[in-house]
Amino acid sequence: MRLWQPRTRSIYRGAAVKKERPAAGPRAIAVTSGKGGVGKTSLVVNLALCMSKMGRKVTLFDADLGLANAEVMLGIVPPYSLYEVLYGNKTIEEIAVQGPLGIKVISGGSGLLEMANLDRNRRQHLFKMFNQCCFGDDIILIDTGAGISKNVLGFVAAAGEVIIVVTPEPTSLTDAYAMIKILANFRVHSEVSLVVNRAADSREAMHTLGKIQVAANRFLDIKLNFLGWIPEDRLVSQAIKSQRPLCLASPNAHASKSVAGIARFLLEGVPPASGEGFWSKLIGLFG
Ligand SMILES: Nc1ncnc2c1ncn2[C@@H]1O[C@H](COP(=O)(O)OP(=O)(O)OP(=O)(O)O)[C@@H](O)[C@H]1O
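Bear in mind the structure is a predicted one, so any value in this text is a computation, not a measurement. (Residues numbered from 1 in each chain as written. Predicted model: local features only at pLDDT ≥ 70, side-chain atom pairs only at ≥ 80, totals over all residues.)

1. Concerning the environment of W229
Okay, step 1: Relative to the elements of secondary structure, W229 occurs in strand β9 (residues 223-231).
Okay, step 2: For the pair W229 and T167, spaced 62 residues apart in sequence, the C-alpha to C-alpha distance is 9.4 Å.
Okay, step 3: If we ignore the near neighbours within four places in the chain, the residues touching W229 are V195, V196, A199, S202, A205 and S258. (Helix = DSSP H or I, 4+ residues; strand = E, 2+ residues; numbered from the N terminus. Contact = placed C-beta atoms within 7 Å.)

Set out below in structure tokens:
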């Protein structure tokens, strides 16, 4: 499987160009944050649904170790996780659960911890199963979990694109910057995309973006792409409480419209170059 490299684009949103999916396989996008609780899972879930509404075949890989929040937000209960694939004779297809609008959900669960202990044959086997399960997809969205652990960085490194979610809070900014710094210093990605969540208004969003951009320009060799901002919206919390994703429960909410805009931008931007496949890279990194 091959996947796309991050896009080259200025920090400000520009004219969108229709993007075609490469024949070789899905585009893998890791969504991460540095700090926890900034709205990463909420973005992944709603992005997946918006992309599905736009006619794309989407797999959501819940790689948030121990916190299967994406499933809770979607109101689904996958009976199995990657653990049963590794130790219980299940295939990835068997553990994948159909979510709303036909999105496919793969739960990493405790199997994520076991990936580091696989021998060569089992790694190859797992890679083949991932490929079979996701080959026909357009997009794999990965909810990586927060922090800068080996596990999170493994998923971020394996994906062709990375989105970092940041809020205007100083702690979120600091942690997002720390993540960007690691990606830049270890040359994991030459560019990353940013989404500012929970901003009071566009001014606050731009201010937040500006702070990261100034520091990155000064100290880091990495390109930042701005995908958009999502306002503070009480309907986000209501949707989570009712376990009905925001863009389905309240498609006209401000936050829903913002996520839909981000999905459009991601799908209709400039086509990036192909790269190595997400699953093979991931399994190599963990092996
Ligand atoms: N735009 C928003 N407006 C208001 N509240 C929001 C918004 N986005 C997220 N939240 C709230 O923030 C909380 C955390 O959201 P979420 O679980 O998506 O974050 P996370 O970054 O995935 O967290 P974790 O690090 O635990 O995985 C939720 O309770 C949600 O209601």
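2. Quick notes on the UniProt feature "binding site: ATP" (unreviewed entry) in the protein chain
Okay, step 1: Taking the UniProt record as the reference, the feature "binding site: ATP" (unreviewed entry) is found at K35, G36, G37, V38, G39, K40, T41 and S42.
Okay, step 2: Note that G37 resides in the loop between β2 (27-32) and α1 (40-53).
Okay, step 3: Here G39 shows up in the loop between β2 and α1.
Okay, step 4: Given 21 C-beta atoms within a 10 Å radius, G39 is considered buried.
Okay, step 5: When neighbours within four sequence positions are excluded, G39 is seen to be in contact with V165, N197 and R198. (UniProt positions renumbered as here; feature names shortened; annotations may be inferred. Buried ≥ 20, exposed ≤ 12 C-beta atoms within 10 Å, placed from the backbone.)

3. Let's talk about helix α9 (residues 202-219)
Okay, step 1: Between its first and last C-alpha atoms α9 spans 26 Å; for 18 residues at 1.5 Å apiece the expected length is 26 Å, and the two agree.
Okay, step 2: By the burial criterion, the buried members of α9 are A205, T208, L209, I212 and A216. All buried residues of α9 lie within an arc of 90 degrees about the axis, which places them on one face of the element. Exposed side of α9, more than 90 degrees from the buried face: R203, G210, V214 and R218 are the residues found there. (Expected span 1.5 Å × (residues − 1). Arc of directions from axis to C-beta.)

4. Some points on the site of the ligand
Okay, step 1: With respect to spatial proximity, 22 residues lie near the ligand, and among them G36, G39, K40, T41 and S42 are the closest.
Okay, step 2: Within the residue set of the shell around the ligand, elements represented by two or more residues are α1, β8 (191-199) and α10 (234-241). (Near = placed C-beta within 6 Å.)

5. Topic: the pairing of β2
Okay, step 1: By the criterion of burial, β2 is predominantly enclosed, with 6 of the 6 residues buried.
Okay, step 2: Side chains R27, I29 and V31 of β2 all project onto a buried face; the interleaved residues A28, A30 and T32 project onto the opposite face, where all are buried too.
Okay, step 3: When β2 meets strand β6 (residues 139-143), the two strands line up parallel, connected through 5 bridges. In the sheet register, A28 faces β6, and the bridge partner there is I140.
Okay, step 4: Here 4 bridges tie β2 to strand β7 (residues 161-166), and the two strands are oriented parallel to one another. Note that in β7 the partner of I29 across the bridge is E161. (Pairing = 2+ DSSP bridges.)

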